[in-house]
Amino acid sequence: MFSHGAFPDVRPRRLRTTTAMRRMTAEHRVHPADLVLPAFVREGIAEPAPISSMPGVVQHTLDSLRRAAAEAADAGVAGIMLFGVPEVKDAVGTAATDPGGILQVALGVVREEVGDALVVMSDLCLDETTDHGHCGLLDERGRVDNDATLARYAEMAVVQAEAGAHVLGPSGMMDGQIGHVRRALDAAGHRDVALLAYTAKYTSAFYGPFREAVESGLTGDRMTYQQDPANGREAMRELSQDLAEGADMVMVKPGLPYLDVLRRVADEVAVPVAAYQISGEYAMVEAAAEKGWIERERAIDETLVCFKRAGADVILTYWAVEAARRAAAR
């Protein structure tokens, strides 16, 4: 390592003396354009429904989602990632490929409201629409059938693209999902629709609040298709496959518990890298702040700059609008 000299001639604290000095010498900063707002829209409700485990986050109506999208665009946020919660769920996730399904309708509403001012993203997964809560179709033994699920993902991709999504986020961790979806989109004439690969999505204890948000009926667990938290090298294998299949962007999820994986991914690729600060991470900070145990705004901002330092170009966070306004004011 290059030598920078020694104390007392060298005093790193000189660069920390004032707010202006620290701002000038900051190695990383969060910009509003780094942020994407995840948002839930629920069919059949007349008013936004608060999510008890995620204070400040709601299941939107179409009207309140329209306002939230406009607010995000006004704050300079880069994008919005939509998750739909249908009234009726079944074994095959019928609502996921119905052009009149809540997610597809929501995509159209947001595009109508903000046009191209936000990157409109859509979750491409079956867990929100299946009554068993898994990310794919189940076989006769109750196991997730990878290849049968790919066919459903291909159908979903075309329907979501036609509804107005700029970016699709295949999040089910099925082998081959990026290539299968890419071929389906291209065959349907949607070559400009980008894919955000959920490259390293770990089976995590931090998803609990999300499952309330999408009213998940999950039985069992997702350990046979999401990654084992113990594995880091495996993420690089997933990364290689996603890139080979045509991923335009890649993501690590959850965020804070996997900053080491995020750094490894960022060091390897020439495409944008995203991190998802998931529901459990959000809930922990909000709960601790409500107890008075931590400083809420400082904690939020510190977590976000950690993602930047670890190599994220894009951060999905439920604090996107709040953080964007604070970043713009600095």
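Structural data are supplied above this passage.
Described in the following lines is the structure provided in the data block. None of these values were measured; they are calculated from a predicted model.

**A short note on the pairing of strand β9 (residues 273-276)**
Next, step 1: Residues V273 and A275 of β9 are buried on one face, and the alternating residues A274 and Y276, pointing to the opposite face, are buried as well.
Next, step 2: Looking at chain direction, strand β8 (residues 249-253) and β9 are connected through three bridges and run parallel. Of the residues in β9, the one forming a bridge with M251 is A274.
Next, step 3: For the segment spanning β8, helix α8 (residues 259-268) and β9, crossover handedness is right-handed.
Next, step 4: Both β9 and strand β10 (residues 314-316) contribute to a ladder of three bridges, which runs parallel. Opposite A274, over in β10, you have V314 as the bridge partner.

**Here's the deal with the nonpolar core**
Where a protein is soluble and globular, its nonpolar side chains tend to be buried together.
Next, step 1: Core analysis: the biggest nonpolar cluster contains 97 residues, and F40, I80, L82 and Y153 have the highest contact counts within it.
Next, step 2: Setting aside anything within four residues of it in sequence, one finds Y153 in contact with L124, C125, L126, C135, G172, M174, Q177 and V181.

**A word on the packing of helix α3 (residues 102-114) against helix α4 (residues 146-163)**
Next, step 1: One way to put it is that α3 packs onto α4 with a least axis distance of 8 Å and a crossing angle of 30°. Taken together, the axis directions place α3 and α4 in an arrangement best described as roughly parallel. Touching L103, Q104, L107 and G108 of α3 are V159, Q160 and A163, all from α4.
Next, step 2: Among the residues making up the contact of α3 with α4, the classes are represented as four nonpolar, three polar and no charged.

**Overview of the environment of D131**
Next, step 1: Along the polypeptide, D131 turns up in the loop between β5 (119-124) and α4.
Next, step 2: As a C-alpha pair, D131 and V92 span 39 residues in sequence and 8.3 Å in three-dimensional space.
Next, step 3: Once residues within four sequence positions are removed from consideration, D131 is found in contact with K89, D90, A91 and G217.

**A short note on α4**
Because an α-helix packs 3.6 residues into every turn, residues spaced three or four apart end up facing the same way.
Next, step 1: For α4, spanning 18 residues, the distance from its first C-alpha to its last is 25 Å, which sits close to the expected 26 Å at 1.5 Å a residue.
Next, step 2: At its buried positions, α4 is contacted by α3, β5, β6 (167-170) and α5 (177-187).
Next, step 3: By the N-cap criterion, in which a side-chain oxygen at the helix start approaches the backbone nitrogen of a residue two or three places on, α4 is capped by D145, the distance to D147 being 3.3 Å.
Next, step 4: One or two residues past the end of α4 sits G164, with phi positive at roughly 125°.

**Overview of helix α7 (residues 233-244)**
Next, step 1: Counted at 1.5 Å a residue, the expected span for α7 with its 12 residues is 16 Å, and the 17 Å between its end C-alpha atoms agrees.
Next, step 2: Along α7, the residues that are buried comprise A235, M236, E238, L239 and D242. Angularly, the buried residues of α7 cover 160° about the axis, an arc narrow enough to put them on a single face. Turned more than 90 degrees away from the buried face of α7, the exposed residues are R233, R237 and A244.
Next, step 3: Residues of α7 that are buried in the fold lie against α5, β7 (194-201), β8 and α8.
Next, step 4: Of the residues trailing α7, G246 is marked for its positive phi of about 110°.

Cut-offs and rules
Residues numbered from 1 in each chain as written. Predicted model: local features only at pLDDT ≥ 70, side-chain atom pairs only at ≥ 80, totals over all residues. Heavy atoms only, no water. Buried < 20%, exposed > 50% of the residue type's maximum accessible area, 1.4 Å probe, protein only. Helix = DSSP H or I, 4+ residues; strand = E, 2+ residues; numbered from the N terminus. Pairing = 2+ DSSP bridges. Right-handed = clockwise from strand over helix to strand, strands pointing away. Core = buried A, V, L, I, M, F, W, Y, C linked by side-chain atoms within 4.5 Å. Contact = heavy atoms within 4.5 Å. Axes fitted to C-alpha atoms, helices over the stretch in contact; angles between N-to-C directions. Parallel < 35°, antiparallel > 145°, perpendicular 65-115°, else oblique. Nonpolar A, V, L, I, M, F, W, Y, C, P; charged D, E, K, R; others polar. Expected span 1.5 Å × (residues − 1). Polar contact = N/O pair within 3.5 Å; in protein donor to acceptor, adjacent residues only side chain to side chain. Arc of directions from axis to C-beta.

Take it as geometry only, folks, not as evidence of what the structure does.
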